[in-house]
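Now for the letters of each chain:
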Amino acid sequence: MFLKFSDDTKQHAPSYYAATANWQTDYPELEEAIEADVAIVGGGFSGVATAVELSERGYKVVLLESNRIGWGASGRNGGQIIGGYGQNPGAFRSTIGSEGVDIVEGMGVECVDIIRQRIEKYNINCDLKWGYCEVGLKKRHLKAYQQWAEADPAMHLLDRDKIKEYVNSELYLGGYYREDWGHIQPLNLCIGEAKVAQSLGAKIFENSKVTNVTYGESPVVTTEKGSVKAGHVILCGNAYMDKLVPYLDARVLPATSCIIGTEPLSNEQLQQTMARDVAVCDSRTALDYYRLSADKRLLFGGLSNYSGLEPANAKAVMRAKMAKVFPSLKNIKIDYSWSGRMGISVRRMPQIGRIKNSNVLYASGYSGHGVAPTHMTGRLLAEAVDGDTHRFDIMNKMFHLPWPGGKLLRRPAMAAGMMFYKIRDAL
Ligand SMILES: Cc1cc2nc3c(=O)[nH]c(=O)nc-3n(C[C@H](O)[C@H](O)[C@H](O)COP(=O)(O)OP(=O)(O)OC[C@H]3O[C@@H](n4cnc5c(N)ncnc54)[C@H](O)[C@@H]3O)c2cc1C
């Protein structure tokens, strides 16, 4: 498989989302030395949600984005609003205690509520739909659903016949449905939230890449033409931040995932495929995820690549993956194909913390599951800046480990790890 670099333009990826954005953001470039209570680096969900929460609390916020608001993973993802975190918080019990586990589990619910309430409160137009299915290809997936459902009344188990009323594919042995998770047009949510932050007083700058961070009591971030001196700096560049902060560079592995968007499906095609307008994930580590757009295209994602590169033939590979699930769409016209980079952490839990003892905080490493959790991050970081570090400290305690093998070996090590999961997925 040939690989190519992506992301080399400052404009949005050629996604369905960019094509249906409510407007094109056009914030100015930072061209002077200014001061703020908080400087945020990165205009994805983490940075924008933090800007909203801080602005609502009355802080003077400056948000700096290298490219465009929502240019990174937040404006390119599957749009699936899934509660919880990528990892079971119980795995951290020895570090954060039982109270910590309960708090993290609670945040896994709160993160979805934040999205729901923000869209309602500020009337953000982003095609919000409720309804989510997880689908199983193996008996062990169904066994896991049964165990989870015993503790979670929101999960409705579906057998092989019933699942077809939602996802009409022969591939799945069963699954579950829940109506408290769903999907959105993520770029429109992100730019909508940025507009909210701005309306509350936040200053937003695009085309303003931070090239240096000076630590100290009042940290300073520098761009090519300006700088911001602030009481706190918050780093939200995630998988796109590169070497700006070596501590984070060592702890966030950028992985690529790809999505295709078909032409709009006819009513007949909808009945043959997505009988219900729900977000869908399968239960493999290297999973397929898909859903309908507002105009009834199938947006089908998957193909995680841990080299950080995009396969040159991504569109064809994704078409083949989609046809495995829905053979009737084998020859359908594909109107969009794009990819994005997600930040993977060693323990597959978001890494939210503080650089040494400084006023520089960070959030990254959602490991492919960040639409809802980033919104919780915004609240946690705002609480921490506001002096309530209780929930922030729990996340900070979860040992944010560097990827083993350093710069040279971490990608091959991760690729080998994924090969293990792919083989296990296939068994
Ligand atoms: C293809 C794909 C599909 C996904 N699907 C889903 C899904 O369906 N559901 C789900 O829950 N999660 C999904 N995810 C994961 C989710 O999108 C991410 O976890 C989330 O968007 C991360 O948000 P973020 O703000 O932390 O990072 P990003 O959205 O990547 O934002 C980081 C921003 O920081 C900017 N930046 C970086 N460095 C600097 C700098 N030095 N100066 C200024 N700005 C800088 C970048 O330009 C970028 O805009 C998916 C991810 C991808 C890539």
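Along each chain, residue indices are assigned from 1 in the same order as the chain's sequence is written. For this predicted model, a pLDDT threshold of at least 70 governs which residues receive local features, and a threshold of 80 or more governs which side-chain atom pairs are given and counted, while totals over whole chains, interfaces and linings are taken from all residues. To get the side-chain values, all heavy atoms of the structure are used, and hydrogens and water are removed first.

Trainee: Help me understand the packing of aromatic side chains, please; the structure alone is not making it clear to me.
Mentor: Aromatic ring pairs are reported here in terms of the distance separating the ring centres and the angle at which the planes meet. Any two of the Phe, Tyr and Trp rings considered here, Trp counted by its six-membered ring, make a pair once their centres fall within 6.5 Å; the pair's planes then place it as stacked at under 30 degrees, edge-to-face at over 60, or tilted in between. Per the stated rule, a full pass over the model turns up 13 aromatic pairs. Ring centres 5.4 Å apart and planes at 70° place the aromatic pair Tyr17 and Trp338 in the edge-to-face group. Of this pair, Tyr17 sits in helix H1 (residues 16-19) while Trp338 sits in strand S17 (residues 334-344), and the two are 321 residues apart along the sequence. Ring geometry for Tyr132 versus Tyr176: centroids 6.3 Å apart, planes at 55°, classification tilted. Within this pair, whereas Tyr132 is found in strand S5 (residues 129-136), its partner Tyr176 is found in strand S7 (residues 174-183), the two being separated by 44 residues in sequence. Tyr176 shares its class with Tyr132; the two are buried. Taken together through their ring pairs, the aromatic side chains of Tyr132, Tyr145, Trp148, Tyr176 and Trp181 make up a single cluster. Charges are assigned to positions over rings by a cutoff of 6 Å between ring centre and Lys NZ or Arg CZ, combined with an angular limit of 35 degrees from the ring normal. Sitting above the plane of the Trp71 ring, Arg76 keeps its charged end 4.7 Å from the centroid. Stacked on the ring of Trp130, the Lys or Arg Arg116 has its end atom at 4.6 Å from the ring centre. Counting from the N terminus, the helices are the DSSP runs of H or I reaching at least four residues and the strands are the DSSP runs of E reaching at least two. Exposed residues in this analysis have more than 50% of their type's maximum accessible area, buried residues have under 20%, and partly exposed residues fall in between, with area computed by a 1.4 Å probe over protein chains only.

Trainee: What's the story with the environment of Ala275 in this structure? I'm lost.
Mentor: Here Ala275 shows up in the loop between helix H8 (267-272) and strand S13 (279-282). Counting along the chain gives 110 residues from Ala275 to Glu165, while the straight-line C-alpha distance between them is 6.0 Å. By definition, residues are in contact when any of their heavy atoms lie within 4.5 Å. In this structure Ala275 touches Lys164, Glu165, Tyr166 and Leu270, once residues within four positions along its chain are discounted.

Trainee: Where do I start with the side chain of Asn188 in this structure?
Mentor: Looking at where Asn188 falls in the secondary structure, it is placed in helix H6 (residues 186-199). Whenever a nitrogen or oxygen atom comes within 3.5 Å of another N or O atom, the pair is scored as a polar contact, on the condition that within protein one atom can donate a hydrogen and the other can accept it, and that pairs from neighbouring residues in sequence are kept only if both atoms are in side chains. Among the polar contacts listed, one links the side chain of Asn188 to the backbone oxygen of Thr20, at a separation of 3.1 Å. What Asn188 contacts, discounting residues up to four positions off in sequence, is Thr20, Ala21, Asn22, Ile124, Asn125 and Cys126.

Trainee: I'm lost on the pairing of strand S14 (residues 289-292) in this one. Help?
Mentor: It is a general feature of regular strands that their side chains alternate between the two faces of the sheet. Burial of S14 is two-sided: the residues Tyr289 and Arg291 facing one way and the residues Tyr290 and Leu292 facing the other way are all buried. Note on pairing: DSSP must find at least two bridges between two strands before they are called paired. Pairing between S13 and S14: two bridges, direction antiparallel. Opposite Cys281, over in S14, you have Tyr289 as the bridge partner. Direction of pairing for S14 relative to strand S15 (residues 298-305): antiparallel, over a ladder of four bridges. Along S15, the bridge assignment pairs Leu292 with Leu298. The turn linking S14 back onto S15 is made up of five residues, and Lys296 within it adopts a positive phi angle of 65°.

Trainee: How do you make sense of the nonpolar core when you look at a structure like this?
Mentor: Soluble, globular proteins show a tendency: their nonpolar side chains are buried together. Here, nonpolar core means buried Ala, Val, Leu, Ile, Met, Phe, Trp, Tyr and Cys residues that are tied together by side-chain atoms lying within 4.5 Å of each other. Counting residues in each nonpolar core, the largest one holds 72 residues, and the members touching the most others are Ile40, Ile69, Val104 and Ile234. The dominant element in this core, judged by the number of residues it contributes, is helix H3 (residues 93-122), at 10 residues. When residues no more than four places from it in sequence are discounted, the contact partners of Val104 are Tyr85, Pro89, Ile96, Met349, Ile394, Met395 and Met398. Core analysis: the next-biggest nonpolar cluster, separate from the first, contains 29 residues, Ile163, Tyr166, Tyr177 and Val317 among them.

Trainee: How should a nonpolar patch on the surface be read in this particular structure?
Mentor: Taken together, the side chains of Val346, Phe399 and Leu401 present a nonpolar region at the surface, about 250 Å² in accessible area. If you trace the backbone, Leu401 turns up in the loop between helix H11 (390-396) and helix H12 (406-426). Classification of Leu401 as partly exposed rests on a relative accessible area of 36%. A patch consists of residues whose relative accessible area exceeds 30% and which take part in no salt bridge; residues with like charges are grouped when within 9 Å of each other, and nonpolar side chains (Val, Leu, Ile, Met, Phe, Trp, Tyr) when within 5 Å. Throughout, the Shrake-Rupley method with a 1.4 Å probe supplies accessible areas, and for residues the shown protein chains are the sole cover considered. For this document, the term salt bridge refers to a Lys or Arg side-chain nitrogen within 4 Å of an Asp or Glu carboxyl oxygen.

Trainee: Explain the side chain of Thr50 here, please?
Mentor: Following the sequence through the fold, Thr50 ends up in helix H2 (residues 45-56). A relative accessible area of 0% means that Thr50 is categorised as buried. Ignoring anything within four residues of it in the chain, the contact list for Thr50 reads Ile40, Phe45, Ile234, Thr377, Gly378 and Leu381.

Trainee: Just to check I follow, could you spell out the packing of H2 against helix H10 (residues 373-385) for this structure?
Mentor: How two helices sit against one another is set out by the angle between their axes and by the gap between those axes. Inter-axis angles, ranging from 0 to 180 degrees, are taken between N-to-C directions of lines fitted to C-alpha atoms, where helices are fitted over the stretch in contact. The contact between H2 and H10 brings their axes to 7 Å, and the two run at 45°. By the criterion of interaxial angle, the relationship of H2 to H10 is oblique. In this structure, H2 crosses over H10, and the sense of that crossing is right-handed. Within the contact between the two elements, H2 uses Phe45, Ser46, Ala49, Thr50, Glu53 and Leu54 and H10 uses Thr374, His375, Thr377, Gly378, Arg379, Leu381, Ala382 and Val385. Residue composition of the contact of H2 with H10, grouped by class: six nonpolar, six polar and two charged. Note on terminology: angles under 35 degrees are roughly parallel, angles over 145 are roughly antiparallel, angles of 65 to 115 are roughly perpendicular, and the others are oblique. The hand of a helix crossing depends on one turn: near helix anticlockwise from the far one by less than a right angle means left-handed, and clockwise means right-handed. Any residue outside Ala, Val, Leu, Ile, Met, Phe, Trp, Tyr, Cys, Pro, Asp, Glu, Lys and Arg is labelled polar, Gly included; the first ten of those are nonpolar and the last four are charged.

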